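This is what each chain is made of:
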Amino acid sequence: MTPEELATLIRATLLDAAAAGRISIDPSLVPDPVTVERPRVREHGDWATNVAMQLGKKAGMAPRDFAQILADDLAAADGIDSVEVAGPGFINIRLGAGAAGELARTIVEAGAAYGRNETLAGRSINLEYVSANPTGPVHLGGARWAAVGDSLARLMAASGAAVTREYYFNDHGSQIDRFSHSLYARAMGREVPEDGYGGQYIADIADQVRADAASAGEPDPITLPEEEAIEVFRARGVELMFAEIKERLHSFRADFDVFFHEDSLHNSGAVAEAIERLRERGEIFDEGGAVWLRTTTYGDDKDRVLIKSDGQAAYFAGDVAYYLNKRERGADAAIYLLGADHHGYIGRMMAMCAAFGDKPGENLQILIGQLVNLVKDGEPVRMSKRAGTIVTLDDLVDAVGVDAARYALVRVSMDTQVDIDLDLLSQHSNDNPVYYVQYAHVRTCNVARNAAEHGVSRDAGFDPAALDSEADEALLAALAQFPAQVAQATELREPHRIARYLESLAATYHAWYGQCRVTPRGDDPVEPGHIARLWLNDAVTQVLRTGLGLLGVSAPERM
């Protein structure tokens, strides 16, 4: 019996008691689902609920008396071994061995579907992350958003949502001008402008632009008049940078459904359309030759310029048009993952959302992430040889590999600054968290292979009551919590919860492995306990594989 099944049983028992008049409670007050949690003290039972404390007074009863009525009814249900009332009204439930052990079969037969839910079914979510300027390689902060954003997208999809993974290219404005001039300067053998971009990658792209022109039989850009040359470097250089960013992210297992270009908002008239929509809603005013959005109406600290007095669109105008574009493409929720330097941007964005008549925090959600630091030999890693002034995604992957990089970036809450120890992530030891979890998966696969060699097969049947040791019960309880962890990580937008759950499950499995046998000793016969524990072992395989998959991390069968 899973916690979800137990919660359903408790709710049904409550409603039956109300219908029979044993409890006087309005059925609409009975929560759905009922909260079921693992007791902190193992001796208190397998599961506990505080529903009596929630509803007792509403039923005109002392919570403990309410709990006792519910406990007596639950004790008679199939699969329940015992029920006790504790403290002010907690209900502690112990499952029968058969009901608890049945979870192993449920997981194995469900396969990758175990842990999925439909809490976001019917929802269309636009999830935007990374969104680095196309003026250089993906930096370490972008790598974190790639790992976290992709994992969050996987979680939302596992919860039933239709997710659009989107990358926003900031290819409009002064940063592209600086990029183009930097390419031209390097091609001409000069130092890049003071406000330009350094690093070896600028020289590499400039050389590639010239090589491509030669291959196509076109003039060498540096022989053209300066303005024409810079335009060639702009067009081709941005294209090459785009292609490299996409390739690096693909190699990092962070693929996108949409690559949206900021420039298209201005060229298509989307900015003017968004402003007109807001003007029709009475949210726009003109002052000092500029066009303003009245964001103070919705809690912003000041109103915001959309079109400056010189007729040029302010940067915020693109954001306004982009949000409307996402909503018009069918997104129920537009979720942005932004760096810590965007924290001051939240107020105006939420005000803009409200100005369109939408609900801030629901139709528009903004998640802020903190910085990432690399450490090697106890010292910060401060510079990339290729990028010159920043540490890049490639630097991290080259040092530890995709699996370790993704896992390290996602296992810490993204609103917390994280230090990544390259020496630790390079180790094949239990101190390395990704290795610890992956090794648990490898061990389950080794156990399954060894079982086959000794004639232990799941085809021989399954007696769930044979999973009766404390180690079995602890492992079953850990497995039972996976669906709730997926649902909670999705709801709270915190994929790091999955990593921490997997580490806990791996620890529980390693302890179980040291205490329980799947294969008989010597010439001893295969017994029901061996077969049941093979089912349990394979259930752990499935949950570890599914959990790692939600983080975009591989689940190797051998190491």
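None of these values were measured; they are calculated from a predicted model.

Basis of the calculations
- Residues numbered from 1 in each chain as written.
- Predicted model: local features only at pLDDT ≥ 70, side-chain atom pairs only at ≥ 80, totals over all residues.
- Heavy atoms only, no water.
- Axes fitted to C-alpha atoms, helices over the stretch in contact; angles between N-to-C directions.
- Helix = DSSP H or I, 4+ residues; strand = E, 2+ residues; numbered from the N terminus.
- Parallel < 35°, antiparallel > 145°, perpendicular 65-115°, else oblique.
- Left-handed = near helix turned anticlockwise from the far one by under 90°.
- Contact = heavy atoms within 4.5 Å.
- Nonpolar A, V, L, I, M, F, W, Y, C, P; charged D, E, K, R; others polar.
- Core = buried A, V, L, I, M, F, W, Y, C linked by side-chain atoms within 4.5 Å.
- Buried < 20%, exposed > 50% of the residue type's maximum accessible area, 1.4 Å probe, protein only.
- Domains from an automatic or database assignment.
- Patch = residues over 30% accessible without salt bridge, like charges linked within 9 Å, V, L, I, M, F, W, Y side chains within 5 Å.
- Areas by Shrake-Rupley, 256 points an atom, 1.4 Å probe, with all protein chains shown as cover.
- Salt bridge = Lys/Arg side-chain N within 4 Å of Asp/Glu carboxyl O.
- Lys, Arg positive; Asp, Glu negative; His and termini not counted.
- Charge placed at Lys NZ, Arg CZ, Asp CG, Glu CD.
- Phe/Tyr/Trp six-rings, centres within 6.5 Å; stacked < 30°, edge-to-face > 60°.
- Lys NZ or Arg CZ within 6 Å of the ring centre and 35° of its normal.

Visitor: Hey, could you run me through the packing of helix α7 (residues 200–215) against helix α8 (residues 226–251) in this one?
Guide: Packing of α7 against α8 leaves a shortest axis separation of 10 Å and a crossing angle of 115°. Overall, the two elements α7 and α8 adopt an arrangement that is roughly perpendicular. Pair α7 / α8 crosses with right-handed handedness. Between α7 and α8, the contacting residues are Tyr201, Ile205, Ala206, Gln208, Val209, Arg210 and Asp212 on the first element and Val232, Phe233, Arg236, Gly237, Leu240 and Met241 on the second. Of the residues in the contact of α7 with α8, the class split is 8 nonpolar, 2 polar and 3 charged.

Visitor: Just to check I follow, could you spell out the nonpolar core for this structure?
Guide: In summary, soluble globular proteins display a tendency toward joint burial of nonpolar side chains. Membership of the largest hydrophobic core comes to 145 residues, with the highest contact counts inside it found for Ile10 and Ile420. Both of domain 1 (3–95) and domain 2 (430–551) provide at least three residues apiece to this core. Ignoring anything within four residues of it in the chain, the contact list for Ile10 reads Val34, Val36, Thr49, Val51, Leu70, Leu74 and Ile93. Among the nonpolar cores identified, the runner-up in size contains 33 residues, and Phe260, Leu265, Met352 and Ala355 belong to it.

Visitor: So what exactly am I meant to see when it comes to a negative patch on the surface here?
Guide: On the surface, Asp377, Glu379, Asp419 and Asp421 cluster together into a negatively charged patch. On the secondary structure map, Asp377 appears in the loop between β12 (372–376) and β13 (379–381). A residue is classified by how much of its surface remains accessible, and Asp377, at 61% relative accessible area, is exposed.

Visitor: Mind showing me how you'd approach the packing of aromatic side chains here?
Guide: Aromatic ring pairs are reported here in terms of the distance separating the ring centres and the angle at which the planes meet. Here the structure, examined in full by the defined rule, presents 22 aromatic pairs. Centroid distance Phe462 to Trp535: 5.1 Å. Interplanar angle 35°. Geometry classified as tilted. A residue pair is termed long-range when its members are at least 10 positions apart, and Phe462 in the loop between α16 (433–453) and α17 (470–480) and Trp535 in helix α20 (residues 528–550) qualify at 73 residues. Since its relative accessible area comes to 9%, Trp535 is described here as buried. A connected cluster of aromatic rings, assembled from ring pairs, spans Tyr129, Tyr167, Phe169, Phe242, Phe256 and Phe259. When the ring centre of Phe259 is taken as origin, the NZ or CZ atom of Lys246, which lies over that ring, is 4.7 Å away. Its guanidinium or amino end placed over the ring of Trp535, Arg458 lies 5.1 Å from that ring's centre, counting from NZ or CZ.

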